[in-house]
Amino acid sequence: MPEAPQTVAYLNRLSARPSEEVSLHASGESGQVKVRLVRLGRGLIPGRSQAAAVEEIPWQASGTYTAEPQESCVGSFGVARLPGEIDSRKGFEFGAWIWPTLPSATQAQTVLQMSSPTGEDIVVDLEASSIKATLNSSDESCVAVLPHAVRRRVWSEVLVRFHDSQMILAVKADDPLYGPTMEVSIEIESFVRISSPRLTFAARDPREVVDCAGYARGRAVQHFEGKLSLPYIQAGKPRNTVQTASERRRELVRTISQQGGALWDLSPQRIGSTRYRAPAGAGSAEPATLVNLPNQGVTGPDWDGTSLSFRERPDHYSAAHFHSTDLGDCGWKPLFTAALPKELPSALYGIEVVSADGSQDTVPIFICPAPGARRKKIAFLGSTFSYLAYGNEDLITFFSEVPEHSLHNPEVEKRAREKQVAHSQNWGVSTYDLHADGSGVHYSSALRPMLDVRPDYSYWNYEEGARGFAADLYLLEWLEKYGYEYDVLTDLELHLSGASALDGYDVLLTGSHPEYHSGEILDAFTYFRDQGGKIAYLGGNGFYWVTGLVNSEAQIIEIRRGHVGIRTWASEPGEVDLVSSWEPGGLWRYRGRTPQKLVGVGMAAQGGDSRPYWVSGNEAVEAAPWFFEGIEGPTIGERGFVRGAAAGDELDRVDADLGTPPGTIVLASSKDHPIETQRAIEEFLQMFHGSASGPNDPDIRADMIYFETPGGGAVFSTGAIAFIASLLVDDGKNTSSQALRNVIDHFLEMT
């Protein structure tokens, strides 16, 4: 893997309009950096050295700045405060239920820290499966240890109790089958009295905690890996009249209500911009603050499988899952905040940051039309939800551990690593990656550097050519080459404004991989199409995953993989619902909103080298003669920058049972894909050796289709990620290019 660049940057947003303010955040080792605004319009064509920037744009914010190294807000935790005072002479205890996922780690993980404004604290750490409590005060320091006290993925209560001159550390597994009750008591020399105690859970020493819209960011150390539920402080002496863990939790609520203290409920709250606050479920205290987006909507110690959603039984979902790698917002100081140029035409731009040593980063931004500006007839839709989902992915690590994958070969892995962009925990990971404890990543934020969402990024799994964001530049360059005027929008605008964001447009073009969408985005597509709009879906594996939006300003998305689909991790049982939108996650297919219903084709297969499309025959030519004008011969897309042809990477096909509209014309289809091309896993109940590979399965193909709607709309779909990367082969003089020109011209003639 290349070394991490000396200069990296991000913007506070992925899209904006002229005159709106943007903030640039940069971290650099070389001091001064030069900043300029450029328009992006060139794709990554093999053998061509030209940069993606086609022109520099005058901007008042362009100039020289000083970029310093910046620390990111990484690792989730919670902070709560209790009014008043607690005193060991009257008795008190504090604790929580934990479900550790890396208990054997030798580095200390702080479960709980109770601290005072004057510096005293009591810290409960998990280290090498052992629980340790440390009292630090001006009068003394003492430690209590329970060796081998907790087991991985087992719910246990951990508590520290003070009464007179005793400090008691105890751990009790909810299910005695998985661990006994253990406790240790030590004598302390002085009384413990803490005014306005602060309880930090899942880390220690919090600082710089900032409330934002829909989330909080901050910094802490010694992060806990695992679930934590119902952190509490109880004043007074405990009651010991219960037998089971569930009875203990109910009694704790009653005791706190009568004697004082607080217990905080970490179940999801549907309160908009403050949903990251965890209210006190007992006692009188302000809500706790959950920092850096721990996973909520996860099963707690009372979950028994009778409900599969926090929307039905919030008491079964009283936990949050904390990770040392959670990140919602890097929290870097801005290099500057400035208004964009007033007369900036709608297009894709980049803010270029170049250091004295030549290290640079170009951060893309989609500039949508100004309110009231004349719309072009064509709009290109940037798939920012999908760019975010893949941001900083490390799929090489996942695939290299699969014996059947080519990346399991060390030499193949080495070549891939040489092309992979640098990664850093300080920049966050993708929704395809795993946290340190092996659990899947639910969130991805725009408020961080994403070096694989850059115009010059060459995908590690291609010998040549681009994927994702960089691949979509092929389409923009092609549009300008053939004189098609267009505006740019992103899926965020559709999510926020619905179909009204498409008012004034006749034709909507997607990029190569529009995989992640919210229900609001699908609604906008559907309304546009059914009211006479023309859609060209120019990719593959589109409209696949249910996606929620945590914050529209910062653009943080949430996904849950569920239990089916092409994925690198699966959701835990009972943890499929999205906290951001309070709806089931997973595949849209299993919500009844298949891609076939929207654009005629849906996910069929992935992998292997690309193939051309073969014209379906005279029926297709007779049904859509306009499409075949200028196309001679039986194939379309014989060559491409991605794996050799136009139909490759991930493939979509028609399926009437899944909703392909009647009257859909299959213009052309690929065939004879190699053995490495495998059928989508959700297509099968059972698989037999070789039955789901390219040579043996006629349903492994990309279908290029066209259909019209009763309201005057129309849809053209290519069914392949690799299609866009074939448009500029031979300087655009190819069959893929001719086919798309025919489609767009036909769409424009229909309006």
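Note that the structure is predicted; figures quoted are calculated from it, not measured.

A. Focus on the pairing of strand β13 (residues 141-146). Going residue by residue along β13, you find Cys 142, Ala 144 and Leu 146 tucked away on one face and Ser 141, Val 143 and Val 145 left uncovered on the opposite face. Sheet topology note: the strand β12 (residues 130-136)/β13 ladder contains 6 bridges and is antiparallel. Looking at β13, one finds that Lys 132 is bridged to Val 145.

B. How the structure looks around a negative patch on the surface. Taken together, the side chains of Glu 463, Glu 464, Asp 609 and Glu 676 present a region of like negative charge at the surface. Secondary-structure assignment places Glu 463 in the loop between β32 (443-445) and α5 (469-481). Taking relative accessible area as the criterion, Glu 463 reaches 83% and is therefore assigned exposed.

C. Broad picture of the packing of α5 against helix α10 (residues 735-750). Running from N to C, α5 and α10 cross one another at 70°; their axes reach a closest spacing of 12 Å. As summarised for this structure, α5 and α10 are arranged roughly perpendicular, according to the angle between their axes. Between α5 and α10 lies a crossing whose hand is right-handed. Taking contact as the criterion, the partners of Leu 475, Trp 478 and Leu 479 in α5 are, on α10, Ser 737, Leu 740, Arg 741 and Ile 744.

D. Representation of the sheet that holds strand β43 (residues 613-615). Strand order across the open sheet formed by 9 strands is β33-β31-β34-β36-β49-β48-β46-β43-β44, with mixed pairing between neighbours. With partners counted over all chains shown, the strands left at the sheet margins are β33 (486-490) and β44 (635-636), one partner each. Sheet analysis places strand β34 (residues 507-510) next to strand β36 (residues 534-537), joined by 3 bridges and oriented parallel. Its bridge partner lying in β36, Leu 508 is registered against Ile 535. Strands β31 (378-382), β34, β36, β44, β48 (703-708) and β49 (714-717) of the sheet are contacted by α10, whose axis makes an angle of about 175° with β49.

E. Highlighting empty space enclosed by the protein. For the structure shown, the criterion picks out 6 cavities of 30 Å³ or more. Counted as a void, the largest cavity has a volume near 190 Å³. Those elements giving two or more residues to the lining of the largest cavity turn out to be α2 (384-390) and α5. Considering every element that reaches the lining of the largest cavity, the biggest residue donor is α2, with 3 residues. Here the residues of the lining of the largest cavity sort into 6 nonpolar, 5 polar and 4 charged. Lining the second largest cavity are 14 residues, and of these Gly 214, Arg 275, Leu 293, Gln 296 and Tyr 443 lie nearest its centre.

F. Focus on α10. Counted at 1.5 Å a residue, the expected span for α10 with its 16 residues is 22 Å, and the 22 Å between its end C-alpha atoms agrees. Within the span of α10, buried status applies to Thr 735, Ser 736, Ser 737, Ala 739, Leu 740, Asn 742, Val 743, Ile 744, His 746 and Phe 747. Sitting at the head of α10, Asn 734 places a side-chain oxygen 3.0 Å from the backbone nitrogen of Ser 736.

G. Representation of the packing of aromatic side chains. What the rule picks out here adds up to 29 aromatic pairs. Ring geometry for Tyr 390 against Tyr 432: centres 4.3 Å apart, planes inclined by 25°, an arrangement best described as stacked. Taken together, the residues span a long stretch of sequence, with Tyr 390 in helix α2 and Tyr 432 in the loop between α4 (410-419) and β32 at a distance of 42 residues. The exposure classification of Tyr 390 matches that of Tyr 432, with both residues buried. Between Trp 626 and Tyr 706 the ring centres are 5.0 Å apart and the planes differ by 75°, which places this aromatic pair in the edge-to-face class. Here Tyr 706 lies in strand β48 and Trp 626 lies in the loop between α9 (618-623) and β44, a separation of 80 residues in the sequence.

H. Region of interest: the side chain of His 495. Counting through the fold element by element, His 495 comes out in helix α6 (residues 491-497). Of the residues examined, His 495 reaches a relative accessible area of 15% and is grouped as buried. If we ignore the near neighbours within four places in the chain, the residues touching His 495 are Phe 385, Ser 518, Glu 520, Ile 521 and Leu 549.

I. Structural detail: the environment of Gln 360. By secondary structure assignment, the location of Gln 360 is in strand β30 (residues 360-367). Through-space distance from the C-alpha of Gln 360 to that of Ser 386 is 24 Å; in sequence the pair is 26 residues apart. Once residues lying within four places of it in the same chain are set aside, the contact partners of Gln 360 are Thr 7, Glu 352, Val 353 and Val 354.

Rules behind the numbers
Residues numbered from 1 in each chain as written. Predicted model: local features only at pLDDT ≥ 70, side-chain atom pairs only at ≥ 80, totals over all residues. Heavy atoms only, no water. Buried < 20%, exposed > 50% of the residue type's maximum accessible area, 1.4 Å probe, protein only. Helix = DSSP H or I, 4+ residues; strand = E, 2+ residues; numbered from the N terminus. Pairing = 2+ DSSP bridges. Patch = residues over 30% accessible without salt bridge, like charges linked within 9 Å, V, L, I, M, F, W, Y side chains within 5 Å. Areas by Shrake-Rupley, 256 points an atom, 1.4 Å probe, with all protein chains shown as cover. Salt bridge = Lys/Arg side-chain N within 4 Å of Asp/Glu carboxyl O. Lys, Arg positive; Asp, Glu negative; His and termini not counted. Charge placed at Lys NZ, Arg CZ, Asp CG, Glu CD. Axes fitted to C-alpha atoms, helices over the stretch in contact; angles between N-to-C directions. Parallel < 35°, antiparallel > 145°, perpendicular 65-115°, else oblique. Left-handed = near helix turned anticlockwise from the far one by under 90°. Contact = heavy atoms within 4.5 Å. 1 Å grid on protein atoms, 1.4 Å probe; cavity = no way out; pocket = protein on both sides within 12 Å on 5 of 7 lines; lining within 4 Å. Points joined across faces, edges and corners; volume = space filled by probe spheres on them. Nonpolar A, V, L, I, M, F, W, Y, C, P; charged D, E, K, R; others polar. Expected span 1.5 Å × (residues − 1). Polar contact = N/O pair within 3.5 Å; in protein donor to acceptor, adjacent residues only side chain to side chain. Phe/Tyr/Trp six-rings, centres within 6.5 Å; stacked < 30°, edge-to-face > 60°.

In short, shape yes, function no, at least from these values alone.
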